[in-house]
Amino acid sequence: QVQLTETGGGLVQSGGSLRLSCAASDRTFADNIMGWFRQAPGKDREFVAAVTPSGGTTTYADSVKGRFLVSRNNVKVTIYLEMNDLKPEDTAVYYCAVRRFGGGSRSEASSYDYWGQGTPVTVSS
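From a predicted model like this one, the values you see are computed outputs, not experimental measurements.

**Student:** Kindly report on the state of the cysteines, identifying the contributing residues and their values.
**Tutor:** Under the counting rule described, the total for this entry stands at one disulfide. Covalent S-S linkage joins Cys 22 and Cys 96, the inter-sulfur distance amounting to 1.9 Å. An S-S torsion of about 45 degrees defines the bridge between Cys 22 and Cys 96 as right-handed. Pair noted here: Cys 22 is in strand β3 (residues 18–24) and Cys 96 is in strand β9 (residues 92–99), with a separation of 74 residues, a long-range link. Taking relative accessible area as the criterion, Cys 96 reaches 0% and is therefore assigned buried.

**Student:** Residues and numbers for the packing of aromatic side chains, please.
**Tutor:** All chains considered together, the criterion is met by six aromatic pairs. Seen in terms of ring centroids, Phe 29 and Tyr 114 are 5.4 Å apart; in terms of plane orientation they differ by 40 degrees. Their pairing is tilted. With Phe 29 in the loop between β3 and β4 (33–39) and Tyr 114 in strand β10 (residues 114–115), this residue pair connects regions lying 85 residues apart in the sequence. Accessibility expressed as a relative area gives 23% for Tyr 114, which makes it partly exposed. Seen in terms of ring centroids, Phe 37 and Tyr 112 are 5.1 Å apart; in terms of plane orientation they differ by 75 degrees. Their pairing is edge-to-face. Taken together, the residues span a long stretch of sequence, with Phe 37 in strand β4 and Tyr 112 in the loop between β9 and β10 at a distance of 75 residues. Across the pair, exposure class does not vary: Phe 37 and Tyr 112 are buried alike. An aromatic cluster of three or more residues is present, and its members are Phe 37, Phe 47, Tyr 112 and Trp 115. A cation over a ring is seen here: Arg 45 above Tyr 95, with NZ or CZ 3.8 Å from the ring centre. Above the face of the Trp 115 ring, Arg 45 is positioned so that its terminal group lies 4.7 Å from the ring centre.

**Student:** Report on the side chain of Thr 78, specifying residues and quantitative values.
**Tutor:** Of note, Thr 78 is situated in strand β8 (residues 78–83). On the accessibility criterion, Thr 78 (10% relative accessible area) is buried. There is a polar contact of 3.0 Å between the side chain of Thr 78 and the backbone oxygen of Lys 76. In this structure, Thr 78 is in contact with Ser 21, Cys 22, Ala 23, Ser 71, Arg 72 and Asn 73, ignoring residues within four places of it in sequence.

**Student:** Hey, could you go over the sheet that holds strand β1 (residues 4–7) for me, with residue numbers and the actual values?
**Tutor:** Spatially, the four strands line up as an open sheet ordered β1-β3-β8-β7, and their pairing is antiparallel. Of all the strands in the sheet, just β1 and β7 (68–73) have a single pairing partner and so form its edges. Strand-to-strand twist of the sheet, defined as the mean angle between neighbouring strand axes without regard to direction, takes the value 15 degrees. By the bridge criterion, six bridges tie β7 to β8 in an arrangement that is antiparallel. If you follow Phe 68 over to β8, its bridge partner there is Met 83.

Cut-offs used in this document
Residues numbered from 1 in each chain as written. Predicted model: local features only at pLDDT ≥ 70, side-chain atom pairs only at ≥ 80, totals over all residues. Heavy atoms only, no water. Disulfide = S-S within 2.5 Å. Helix = DSSP H or I, 4+ residues; strand = E, 2+ residues; numbered from the N terminus. Buried < 20%, exposed > 50% of the residue type's maximum accessible area, 1.4 Å probe, protein only. Phe/Tyr/Trp six-rings, centres within 6.5 Å; stacked < 30°, edge-to-face > 60°. Lys NZ or Arg CZ within 6 Å of the ring centre and 35° of its normal. Polar contact = N/O pair within 3.5 Å; in protein donor to acceptor, adjacent residues only side chain to side chain. Contact = heavy atoms within 4.5 Å. Pairing = 2+ DSSP bridges. Axes fitted to C-alpha atoms, helices over the stretch in contact; angles between N-to-C directions.

Here it is as structure tokens:
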């Protein structure tokens with residue numbers, strides 16, 4: 001059974017930092033685009049960042065550009081999301097995802113095939 005496990009969420013003050021990790025159980029995920037999404041209470045799930053298999057190309061939502069950094073370690077089959085200068089509006093459950101089977105925009109949730117269970121991030125003002 002394929003599993004994605006996110007860790008690293010928590011409570012942080014505005015301006016603080018957190019680093020999220022997502023470990024995959026399937027080593028072949030190293031060949032796939034992986035991404036981060038988030039969902040705030042009462043809102044739709046939204047794209048945060050994505051990284052290509054080589055790690056050479058990254059994509060970010062405008063709302064996190066310059067503050068968040070996505071990276072991956074294919075030996076560990078793990079992706080990371082380093083979040084800096086956090087703001088209360090970053091409060092959400094953060095999910096990692098793998099795009100395995102199809103194409104489509106890497107910023108669209110419908111393009112991803114496997115999802116983790118999510119890790120909550122709360123930023124206090």
